[in-house]
Structures are given as C-alpha cells and as structure tokens.
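Coordinate analysis (summary)
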Amino acid sequence: MGVGIVLGLFVWGLVGACTRFFVLQTPETGVMEGFVAGVWAAWPFFHQGRVQRYNFLHPVPRRYKTPLKQAFAKVRQIIGDKTYNFGDKWHVSTADTTARRITATLRFTEEESQGFEGTNISNIHHKTQRVQRLLELDVQMKEEPNDVTVVQFDFRPRVEGVAFHACDSIIAGIVNDAEAILGPGTDAGNPADTSLPAPPWWLIGLGGLGVLGLFGDVMKAVFGS
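Small disclaimer: the values here were computed from a predicted structure and weren't measured. (Residues numbered from 1 in each chain as written. Predicted model: local features only at pLDDT ≥ 70, side-chain atom pairs only at ≥ 80, totals over all residues. Heavy atoms only, no water.)

**Remarks on the overall build of the protein**
Helix and strand counts for the protein come out as five helices and eight strands. Starting at the N terminus, the α and β elements of the protein follow one another as α-α-β-α-β-β-β-β-β-β-α-β-α. Burial statistics for the protein: of 225 residues in total, 32% are counted as buried. Within the protein, counting contacts between residues at least 6 apart in sequence, those at least 24 apart form 64% of the total. A total accessible area of about 13800 Å² is found for the protein, and carbon and sulfur atoms account for 60% of it. (Helix = DSSP H or I, 4+ residues; strand = E, 2+ residues; numbered from the N terminus. Buried < 20%, exposed > 50% of the residue type's maximum accessible area, 1.4 Å probe, protein only. Contact = heavy atoms within 4.5 Å. Areas by Shrake-Rupley, 256 points an atom, 1.4 Å probe, with all protein chains shown as cover.)

As structure tokens, then:
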C-alpha cells in the first residue's frame, strides 16, 4: 500500500504537470486529470495490499497430524502462557472443547511517537503519547480421520494512533508458536487470490469523470472561456 501511495502521488504530479504545461498550456488545469491517473496507478497496489492483509489476519487453515484433544490443549496453553510488555496477557473468554473453539482478547498500551515539540531550539523535545491496542483472536478446530486436526486462526486488531501494524509481531508469534508445538502442518485451503480483478465501477466512473474534465479543459483552452 505504501508503494501505491507513493506511485499515485508521483503519477498525479507528473500527469497533472504534463497536462497543464504541454497539453492544455493554461494555468490552473491538470489537477483533475492527474488525480484520476494517480488513483488508477495506485489501485492495483491497494488491492493487493488489502488481500495480503486479509491473508495475514486470516491465515490459511493448517492440517496437523495431532489428535484434536492434544491440539486443543497445546493451542490453549500457548495462548495462556504468552506474556507481553511486562505482564500483559491474553484473556481467554471461550475454551469450548465441544464447539472446538477458543476466543481470547489482548489489551495493552504502548508509547507512540508524536514528533517533536517546543517553542525554540533550546527546549525542543521528543513528544510521545500512550495509545491503546486491542487484539481479538478466534481459533477454530476440526477433527479429521486418522488423528488429524485442522486449526484455523482469525485475528482482528484495533489500534489507536498511526502504527497500523502494531499487533503484527504478536500475530506472527502466535501462528509460529502453534506451528512449532503442533509439528509441521500442511495447508487445508487456499489463500485469497492476489491477482487483479476487473476494475470496480467506482474506478471506471472516476475515469469517466477524468475524461469529461479533460474535455472541458480542452474546450476552455480552445475557445478561451
């Protein structure tokens, strides 16, 4: 997504400048055309970023050669034993062996940088703010023949501030620990497809507005009104 933002801004400026100085050659034009081109350039990266994020928060279920009861107990132990930030722990709200489901939440606070502040150079200091994090976890299991268990993790993070990926290391840690304690597993499904679909209607409509805007600017440049 970061690449999409940078590329979109670059294309916006480039197309806008080229439209203004080389195509229309009139002041205060090219902004709309550049914006539309920037959105079109950034959209593929935003789409893939959203899909990759979804696959990270909802990883593909994994199949393990472990009986259901053992797998359930091991995953429950992983969640219960984890400690973060000098004592923050998961709160397990559901550990139902009949439903084969574990739900838990993790709440903690962190200091996040807010830049620098001060009235002059002599008293400039680094500004931080305490922000809250909430991570919800849902684990579901399915028993298969020959003592095989399918384990599926689903994460829902909520963060204050600008650290969008503040919970990512915790998510990766839980998944990696499960893989380590349950043994090598195999995928029991496929991740969401990152290939580009047809452009959505809102993007096509925005492109149409860009064409109309360009046509209007051309008419103004030709007829001088």
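**A short note on the pattern of salt bridges**
Scanning all chains against the criterion turns up 10 salt bridges. Residue Arg101 is joined to Asp138 by a salt bridge in which the shortest nitrogen-to-oxygen separation is 2.9 Å. Of the two residues, Arg101 is situated in strand β5 (residues 101–117) and Asp138 in strand β6 (residues 125–144); the sequence distance between them amounts to 37 residues. Of the residues examined, Arg101 reaches a relative accessible area of 36% and is grouped as partly exposed. The class for Asp138 is buried, based on a relative accessible area of 5%. With its nearest N and O atoms 3.2 Å apart, the salt bridge here joins Glu136 to Arg156. In this pair, Glu136 is assigned in strand β6 and Arg156 in strand β7 (residues 148–159), connecting sequence segments 20 residues apart. (Salt bridge = Lys/Arg side-chain N within 4 Å of Asp/Glu carboxyl O.)

**Points about the side chain of Thr66**
Looking at the element boundaries, Thr66 is found in the loop between β1 (62–64) and α3 (68–81). With relative accessibility at 5%, the residue Thr66 sits in the buried group.

**Let's talk about the packing of α3 against helix α4 (residues 168–182)**
Contact geometry for α3 and α4: axes closest at 10 Å, N-to-C directions at 140°. Here α3 lies oblique to α4, going by the angle between them. Considering the relative orientation of α3 and α4, their crossing is right-handed. Counting all contacts with α3, which are made through Ala71, Lys74, Val75 and Ile78, the residues of α4 involved are Ile174, Asp177, Ala178, Ile181 and Leu182. (Axes fitted to C-alpha atoms, helices over the stretch in contact; angles between N-to-C directions. Parallel < 35°, antiparallel > 145°, perpendicular 65-115°, else oblique. Left-handed = near helix turned anticlockwise from the far one by under 90°.)

**Section: the environment of Trp40**
Note on placement: Trp40 falls in helix α2 (residues 31–57). Separated by 163 residues in sequence, Trp40 and Leu203 place their C-alpha atoms 7.3 Å apart. Apart from residues lying up to four places away in sequence, Trp40 is in contact with Pro199, Leu203, Ile204 and Gly207.

**Concerning α3**
With 14 residues, α3 extends 20 Å between its outermost C-alpha atoms, agreeing within 8% with the 20 Å of an ideal straight helix rising 1.5 Å per residue. Turning to α3, its buried residues number three or more, namely Leu68, Ala71, Phe72, Val75, Ile78 and Ile79. Viewed end-on, α3 has its buried residues packed into an arc of 130°, placing them on one side of the element. With respect to the buried face of α3, the exposed residues turned more than 90 degrees away are Lys69 and Asp81. (Expected span 1.5 Å × (residues − 1). Arc of directions from axis to C-beta.)

**Notes on the nonpolar core**
By size, the foremost hydrophobic cluster in this structure holds 27 residues, and its most contacted members are Trp90, Val139, Met141 and Phe153. For this core, the elements supplying multiple residues, two or more each, are α3, β5, β6, β7 and α4. Here the element with the most residues in this core is α3; it accounts for six residues. Apart from the residues within four sequence positions on either side, Phe153 is in contact with Leu57, His58, Pro59, Val75, Leu137, Asp138, Val139, Ile174 and Ala178. Membership of the second largest hydrophobic core comes to five residues, among which are Val36, Val39, Leu203 and Leu206. (Core = buried A, V, L, I, M, F, W, Y, C linked by side-chain atoms within 4.5 Å.)

**Brief notes about the environment of Ala178**
Here Ala178 shows up in helix α4. Between the C-alpha atoms of Ala178 and Phe153, which are 25 residues apart in sequence, the distance is 10.0 Å. If near-sequence neighbours (up to four positions away) are discounted, Ala178 is found in contact with Ile78 and Phe153.

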